[in-house]
Amino acid sequence: MAHLFRAGYSGHLSKSGAARSISTALWRHVEPAPKDPILGVTEAFLADPSPHKVNVGVGAYRDDNGKPVVLECVREAERRIAGNLNIVTKREYLPMGGSVKMVEETLKLAYGENSDLIKDKRIAAVQALSGTGACRLFADFQKRFSPDSQIYIPAPTWSNHHNIWRDAHVPEKTFSYYHPETRGLDFASLMNDIKNAPNGSFFLLHACAHNPTGVDPTEEQWKEISHQFKVKGHFAFFDMAYQGFASGDPERDAKSIRIFLEDGHQIGCAQSYAKNMGLYGQRVGCLSVVCEDEKQAVAVKSQLQQIARPMYSNPPVHGALVVSIILSDPDLKSLWLKEVKGMADRIIGMRTALRENLEKLGSPLSWEHVTKQIGMFCYSGMTPEQVDRLTKEFHIYMTRNGRISMAGVTTGNVGYLANAIHEVTKSA
Ligand code: LMR
């Protein structure tokens, strides 16, 4: 900003009296931004001409031929939209809070079909630009109404979580989550960090299928976490980007949230249909915040809308229509549930295949964690240098933290992938 004003003040008048252009100098100080650790991998993959290349970077589901998938339930919803002229009027602006129908159906997935919180109208909820947009709206809301608070984020977490709360000017702290030796949960340290955080702290929790580790607390552990949150008066904000991808059943994957609700927590929740409906580019999701009563929920919702208005005015309509049609039609909803399970099962099958291939190759390392971890990702334990070798020597693209998107593994590439992993890890 200072630079901008300097350039403005130093502008001289030319002979004709017009101010000399400052525009040539205006952006001279702008350096190229670093590549995004996840989406940058896709860019590098696309630029590689090798016929052997494999992309296990971004968390985006592929079928067994490595092709992106449009779910049958989505195709049917889109046929209905295309065939129904009345829906044309629905191309008008949505309200700032988005599609009421979509939000209503989405809340049932997180809070339960018969939730009293929904009946009592105690949840402030708005449509959001997928999970990222929901997290960002919440982070801005947190900054505005709890300006001195911080956010505790698990170590490690999805790289964009750091960016989101940073850009909302909420200071970040991390809490222990992953144990590199066991490649599992570091439950003792996690509990300690919860206990040691100041009372009333904000925590970001992954509701299921933790990204990037694929490591979730057990039901019993969730109960202990919830209890300790109660003792400390902490606030839990759940990011639920993978509902259905952990167990194949969205209802089961909401267990962590339900445990917190049973204990009477007023949680916040970000939901996304990118993965579980394959609506990645439609940017459709939901932000919800549980309130004390209906009056408070109305106030909170109005504030969330006010934050959204200058950012993007109102959310896009098409994805919300698709979701509403699917979830409000019992046949389409059961087709969706079947398709979610199909995607989760294919990934589970690929975990087994990857581990078996590595073991058959005589790898001296244990690959048990490949099948123990759940959801879309395997946190392989490979170092950034080993990942660099995979990319340079084998044209395999993944994030440098060693995360493998199991959704990109197929029966066609699992042997090639296992062989390459074996080559770069065998002398470790
Ligand atoms: C991922 O973690 O790969 C996905 O959530 C995609 C993204 O936006 O980073």
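Everything numeric here is computed off the predicted structure, so don't read it as measured data.

Reading guide: rules and limits
- Residues numbered from 1 in each chain as written.
- Predicted model: local features only at pLDDT ≥ 70, side-chain atom pairs only at ≥ 80, totals over all residues.
- Heavy atoms only, no water.
- Helix = DSSP H or I, 4+ residues; strand = E, 2+ residues; numbered from the N terminus.
- Rg over C-alpha atoms; globule rule 2.2 N^0.38 Å.
- Buried < 20%, exposed > 50% of the residue type's maximum accessible area, 1.4 Å probe, protein only.
- Contact = heavy atoms within 4.5 Å.
- Areas by Shrake-Rupley, 256 points an atom, 1.4 Å probe, with all protein chains shown as cover.
- Lys, Arg positive; Asp, Glu negative; His and termini not counted.
- Charge placed at Lys NZ, Arg CZ, Asp CG, Glu CD.
- Polar contact = N/O pair within 3.5 Å; in protein donor to acceptor, adjacent residues only side chain to side chain.
- Pairing = 2+ DSSP bridges.
- Axes fitted to C-alpha atoms, helices over the stretch in contact; angles between N-to-C directions.
- Disulfide = S-S within 2.5 Å.
- Near = heavy atom within 4 Å.
- Nonpolar A, V, L, I, M, F, W, Y, C, P; charged D, E, K, R; others polar.
- Core = buried A, V, L, I, M, F, W, Y, C linked by side-chain atoms within 4.5 Å.
- pLDDT = per-residue confidence, 0-100.
- Expected span 1.5 Å × (residues − 1).
- Patch = residues over 30% accessible without salt bridge, like charges linked within 9 Å, V, L, I, M, F, W, Y side chains within 5 Å.
- Salt bridge = Lys/Arg side-chain N within 4 Å of Asp/Glu carboxyl O.

1. So, the overall build of the chain
Working step 1: Looking only at helices and strands, the chain has 18 helices and 13 strands in total.
Working step 2: Radius of gyration (C-alpha) of the chain: 23 Å, near the 22 Å computed for a compact globule of 428 residues.
Working step 3: With the C-alpha coordinates of the chain rotated into their principal frame, the extents come out at 75 × 65 × 55 Å.
Working step 4: Taking all 428 residues of the chain together, the buried fraction comes to 51%.
Working step 5: Nonlocal contacts in the chain, meaning residues at least 24 apart in sequence, comprise 74% of its contacts between residues at least 6 apart.
Working step 6: Carbon and sulfur atoms make up 54% of the accessible area of the chain, which amounts to about 20,300 Å² in all.
Working step 7: Placing the 49 positive and 46 negative side-chain charges of the chain at their respective mean positions leaves the two points 6 Å apart.

2. Some thoughts on the side chain of S288
Working step 1: Inspection of the secondary structure assignment puts S288 in strand β10 (residues 285-290).
Working step 2: Here Y111 takes part through its side chain, which lies 2.8 Å from a polar atom of the side chain of S288.
Working step 3: Excluding anything up to four places from it in sequence, S288 contacts L107, Y111, I123, A124, A125, I267, G268, C269 and Q271.

3. Side note on the sheet that holds strand β8 (residues 235-240)
Working step 1: Read across the open sheet, the seven strands follow the order β2-β10-β9-β8-β7-β3-β4; overall the sheet is mixed. Looking along the sheet, the strands with just one partner apiece sit at the ends: β2 (123-128) and β4 (172-176). Averaged over all neighbouring strand pairs, the angle between strand axes comes to 25°, with direction disregarded.
Working step 2: Bridging between strand β9 (residues 268-272) and β10 involves five bridges; their strand directions are antiparallel. Bridge pairing links C269 to S288 in β10.

4. A few points about the state of the cysteines
Working step 1: Counted by the stated rule, this structure contains zero disulfides.
Working step 2: Here C286 is not cross-linked by a disulfide; its sulfur's nearest cysteine counterpart is in C269, at 7.6 Å.
Working step 3: Between C378, a cysteine without a disulfide, and C208, which holds the nearest cysteine sulfur, the sulfur-to-sulfur distance is 17 Å.

5. Section: the site of the ligand
Working step 1: Inspection of the region around the ligand gives I38, V58, G59, W158, N211, Y242, K275, F377 and R403 as its neighbouring residues.
Working step 2: Taking G59, its main chain carries an N or O atom lying 2.7 Å from an oxygen atom of the ligand.
Working step 3: In isolation the ligand exposes 260 Å². Once the protein is present, 81% of that is buried.
Working step 4: The residue inventory of the shell around the ligand, partitioned by class, reads five nonpolar, two polar and two charged.

6. Some words on the nonpolar core
Working step 1: Counting residues in each nonpolar core, the largest one holds 93 residues, and the members touching the most others are Y111, F238, I326, L354 and I404.
Working step 2: The dominant element in this core, judged by the number of residues it contributes, is helix α15 (residues 330-360), at nine residues.
Working step 3: In this structure I404 touches V56, L354, M376, F377, C378, S380, M382, M398, V409 and I421, once residues within four positions along its chain are discounted.

7. Brief notes about the confidence of the model for the chain
Caution applies to low-pLDDT parts of the model: their predicted coordinates are not meant to be read in detail.
Working step 1: When the pLDDT values of the chain are averaged, the result is 93; 94% of them are 70 or greater.
Working step 2: Taken as a whole, residues 1-13 scores under 50 in pLDDT and shows 11 contacts with residues more than four places along the chain or in a different chain.

8. Thoughts on α15
Working step 1: Helix length check: α15 (31 residues) gives 45 Å between terminal C-alpha atoms against 45 Å at 1.5 Å per residue, within 8%.
Working step 2: A side-chain oxygen of the first residue of α15 lies 2.8 Å from the backbone nitrogen of D331; this N-cap is D329.
Working step 3: Positive phi appears at G362, one or two residues downstream of α15, with a value of about 80°.

9. Remarks on the pairing of β2
Working step 1: Among the six residues of β2, six are classified as buried, and the element is accordingly described as predominantly covered.
Working step 2: Burial along β2 is two-sided: I123, A125 and Q127 and A124, V126 and A128, pointing in opposite directions, are all buried.
Working step 3: Of the strand pairs in this sheet, β2 and β10 are connected by six bridges, and their pairing is antiparallel. Within the sheet, the bridge partner assigned to A124 lies in β10 and is V289.

10. A look at unusual backbone geometry
Working step 1: A155 connects to P156 through a cis peptide bond whose omega is 0°.
Working step 2: Structurally, P156 can be placed in the loop between β3 (151-155) and α8 (159-167).
Working step 3: For the bond running from N211 to P212, omega is 20°, close enough to zero to count as cis.
Working step 4: Turning to its location among the elements, P212 is positioned in the loop between β7 (202-206) and α10 (219-232).

11. Some thoughts on a negative patch on the surface
Working step 1: Together, D120, E292, D293 and E294 give the surface a local cluster of negative charge.
Working step 2: Among the structural elements, D120 can be located in the loop between α6 (116-119) and β2.
Working step 3: By relative accessible area, D120 is classed as partly exposed at 45%.

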